[in-house]
Each structure stands twice: as C-alpha cells, then as structure tokens.
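Residue-level structural notes
What follows is the residue order along each chain.
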Amino acid sequence: ADCRYTCHQECRSLIQLDCRRPGQWQSQLSPESTLLPPRSQNATQTVEEEKPEPPTVQEIKQKIEKYNAKVTNCLLMKLNDDGTYTGFIKVHLKLRRPVTVPAGIRPQSIYDALKEVNLAEMTDKRTSFYLPLDAIKQLHISSTTTVSEVIQGLLKKFMVVDNPQKFALFKEMRKDGQVLFQKLPLTEYPLYLRLLAGPDTDVLSFVLKENETGEVEWDAFSIPELQNFLMILDKEEKDKIQQVHRKYERFKLRLQQTLKEARGKPG
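As a starting point, this report considers the structure included with it. It should be emphasised that the depicted structure is a prediction, and the values quoted were computed from it without experimental measurement.

Let's shift gears to the overall build of the protein chain. Helix and strand counts for the protein chain stand at six helices and eight strands. Each helix (α) and strand (β) of the protein chain, taken in turn from the N terminus, gives the series α-α-β-β-β-α-β-β-α-β-β-α-β-α. Within the protein chain, the fraction of its 267 residues that count as buried is 25%. A sequence separation of at least 24 residues applies to 67% of the contacts in the protein chain between residues at least 6 apart.

Residues Lys240, Arg246, Lys247, Arg250 and Arg254 make up a contiguous surface patch of positive charge. Relative to the elements of secondary structure, Lys240 occurs in helix α6 (residues 223–262). Taking relative accessible area as the criterion, Lys240 reaches 52% and is therefore assigned exposed.

Our next topic: the packing of helix α2 (residues 57–70) against helix α5 (residues 190–197). At a minimum axis distance of 9 Å, the contact between α2 and α5 shows a crossing angle of 65°. Considering the relative orientation of α2 and α5, their crossing is left-handed. Each of Ile60, Lys63, Ile64 and Tyr67 in α2 lies in contact with α5, whose residues at this interface are Tyr192, Arg194, Leu195 and Leu196. Of the residues in the contact of α2 with α5, the class split is six nonpolar, no polar and two charged.

Across all of its chains, the model carries five salt bridges by this definition. The residue Lys166 makes a salt bridge to Asp162 at a minimum N-O spacing of 3.1 Å. Exposure class is identical for Lys166 and Asp162. Each is buried. One salt bridge in this structure joins Arg174 and Glu172, with 3.2 Å as the shortest N-O distance. Among the charged side chains, a salt-bridge network with shared partners connects Lys94, Glu172 and Arg174.

What follows deals with the nonpolar core. Membership of the largest hydrophobic core comes to 30 residues, with the highest contact counts inside it found for Ile89, Val91, Phe167, Leu169, Phe206 and Leu208. Among the elements of the structure, α2, β2 (85–93), β3 (99–102), β5 (135–142), α4 (147–157), β6 (167–175), α5 and β8 (204–210) are those that each provide at least two residues to this core. Ranked by residues supplied to this core, first place goes to α4 with five residues. Beyond its immediate sequence surroundings of up to four residues, Leu208 is in contact with Val91, His92, Leu93, Lys94, Leu95, Ile151, Leu154, Phe167, Ala168 and Leu169.

As a further point, take the side chain of Ser143. Relative to the helices and strands, Ser143 resides in the loop between β5 and α4. With residues near it in sequence (within four places) discarded, Ser143 still touches Thr84, Tyr85, Tyr189 and Leu191.

What counts, and where the lines are drawn
- Residues numbered from 1 in each chain as written.
- Predicted model: local features only at pLDDT ≥ 70, side-chain atom pairs only at ≥ 80, totals over all residues.
- Heavy atoms only, no water.
- Helix = DSSP H or I, 4+ residues; strand = E, 2+ residues; numbered from the N terminus.
- Buried < 20%, exposed > 50% of the residue type's maximum accessible area, 1.4 Å probe, protein only.
- Contact = heavy atoms within 4.5 Å.
- Patch = residues over 30% accessible without salt bridge, like charges linked within 9 Å, V, L, I, M, F, W, Y side chains within 5 Å.
- Areas by Shrake-Rupley, 256 points an atom, 1.4 Å probe, with all protein chains shown as cover.
- Salt bridge = Lys/Arg side-chain N within 4 Å of Asp/Glu carboxyl O.
- Lys, Arg positive; Asp, Glu negative; His and termini not counted.
- Charge placed at Lys NZ, Arg CZ, Asp CG, Glu CD.
- Axes fitted to C-alpha atoms, helices over the stretch in contact; angles between N-to-C directions.
- Left-handed = near helix turned anticlockwise from the far one by under 90°.
- Nonpolar A, V, L, I, M, F, W, Y, C, P; charged D, E, K, R; others polar.
- Core = buried A, V, L, I, M, F, W, Y, C linked by side-chain atoms within 4.5 Å.

Pasting the structure below:
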C-alpha cells in the first residue's frame with residue numbers, strides 16, 4: 001500500500017521489508033501489508049490445463065509408421081491392439097566405478113531368462129567387477145516401461161546386485177557440435193522418447209551412469225562400501241594436510257633465504 005512492494009504468499013519468509021522514509025513513517029511496514037493473496041485455485045487449474053494432452057492411438061500409429069520408415073535394420077516398433085506399442089532401445093553403459101556381482105556364478109542362459117531364474121539369489125558370496133566401459137545393451141521394451149524398470153532390467157541382465165538407486169538413466173543429445181546429457185526421471189518412458197526422436201542414435205541415445213545426485217543416498221550402500229569410503233576420505237584428508245604443510249614449508253624457506261640475503265643492506 002505504501003512502498004508498492006508485492007510478492008507471493010509462498011515467498012513471505014524470504015522477504016525483509018524496510019519501507020521507512022524520513023519524515024513519512026516511523027515504523028517498518030509489516031510484510032503482511034504488502035503480500036499478494038495466495039494464488040487462486042483457478043490459476044492452478046489453468047497451469048495444469050496447459051500440459052500437453054497425451055497422443056491419441058491414431059497419432060501414435062502415424063508416428064510409428066514414420067519411425068519404421070526410417071529404420072535401416074529389423075528393429076521396428078509394433079503397435080498393439082490395446083494402444084500400447086513395443087520396440088527396441090540401446091543403452092550405453094558408462095560406469096566408472098565397479099559393480100557388485102555374485103561370486104562363482106555362471107552367466108545367465110536363455111533358459112534362465114525365459115524361466116526368470118535369478119542366479120544372484122543362489123549365493124551370498126559377492127565380488128566387485130568393472131563392466132566394460134561404453135558397453136551397449138539392447139533392450140526390447142514396451143511403451144509402458146519406465147526408466148526405473150529399464151535400470152532394474154539392465155542390472156538383472158548383468159546380475160548386478162547393487163541397489164538400483166546407485167544408477168541413473170540419461171539421455172544423450174548432440175546439438176551444435178556439443179554433447180548434452182540430461183538425467184531422466186524414474187517415471188519417464190524411454191520408448192516414447194525414442195519414438196519422438198526417431199531411430200537415429202546420433203540424435204538421441206540412452207546412457208546408464210552412476211547416480212550423481214546433490215545429496216548422496218547413503219542407504220543405497222552396504223557397510224563394507226561405507227567403510228571403504230571412510231578409508232578413502234581419511235587418506236585424502238592426510239594427503240591434503242601434507243600438501244599444505246609442504247606448501248608453507250617451501251614458503252618459509254624462501255622467506256628465510258630472502259631475509260638472509262637482505263641482512264646488512266639498507267631497507
């Protein structure tokens with residue numbers, strides 16, 4: 001009403017007003033006097049209505065026909081009677097850290113896969129293993145398959161027993177000579193993204209990487225892994241302390257040498 005400052009109701013705790021002017025007001029105005037009322041329910045509904053509508057079955061059919069016309073191999077998409085569709089995606093594995101796999105277990109056979117036999121549950125012995133960098137795995141999935149299910153499926157194929165929360169699926173895009181990565185939410189549908197982008201993997205490809213989040217999800221790690229982290233951090237701390245000591249030791253020697261050379265000379 002006085003200083004014409006406005007803000008949303010949600011921003012109330014972040015605002016500090018000082019509208020005092022000499023000879024006009026003797027006290028600081030309260031934030032409540034200049035806050036806008038909360039956004040109405042109609043405004044929220046308007047935002048929700050702006051979200052794009054899901055494509056119709058006819059639109060999906062047209063997109064699939066356009067997609068299959070560009071396919072140079074046999075990896076076509078197929079539309080089902082219920083409106084869902086199936087197809088293939090390729091996932092590049094770019095894991096920098098070792099994964100945990102069962103020790104002494106033979107690779108999974110086609111028979112095991114068809115019978116959904118989980119060989120990892122047959123032993124408690126574990127070992128660490130580096131997956132080949134930039135290995136490619138091809139998956140046949142449905143339009144209802146989420147990112148979370150893709151990650152779990154990849155881990156199962158390689159018999160990785162680590163918590164799926166340690167990993168994240170990224171989409172890799174190339175634009176203006178640059179390679180861009182974007183982390184996909186767990187509820188996203190990779191096959192729909194593949195359909196929109198077309199079969200060219202230079203336009204869009206999927207990459208499985210470590211889940212580098214701002215906050216480390218420590219619950220996803222086992223006790224031995226956490227103990228290893230402590231050992232690594234302790235070593236890094238000691239190395240850093242030694243570097244600082246060496247730095248100032250050299251500085252001290254140069255300072256003493258300079259003082260020694262300057263003795264007897266006019267300041």
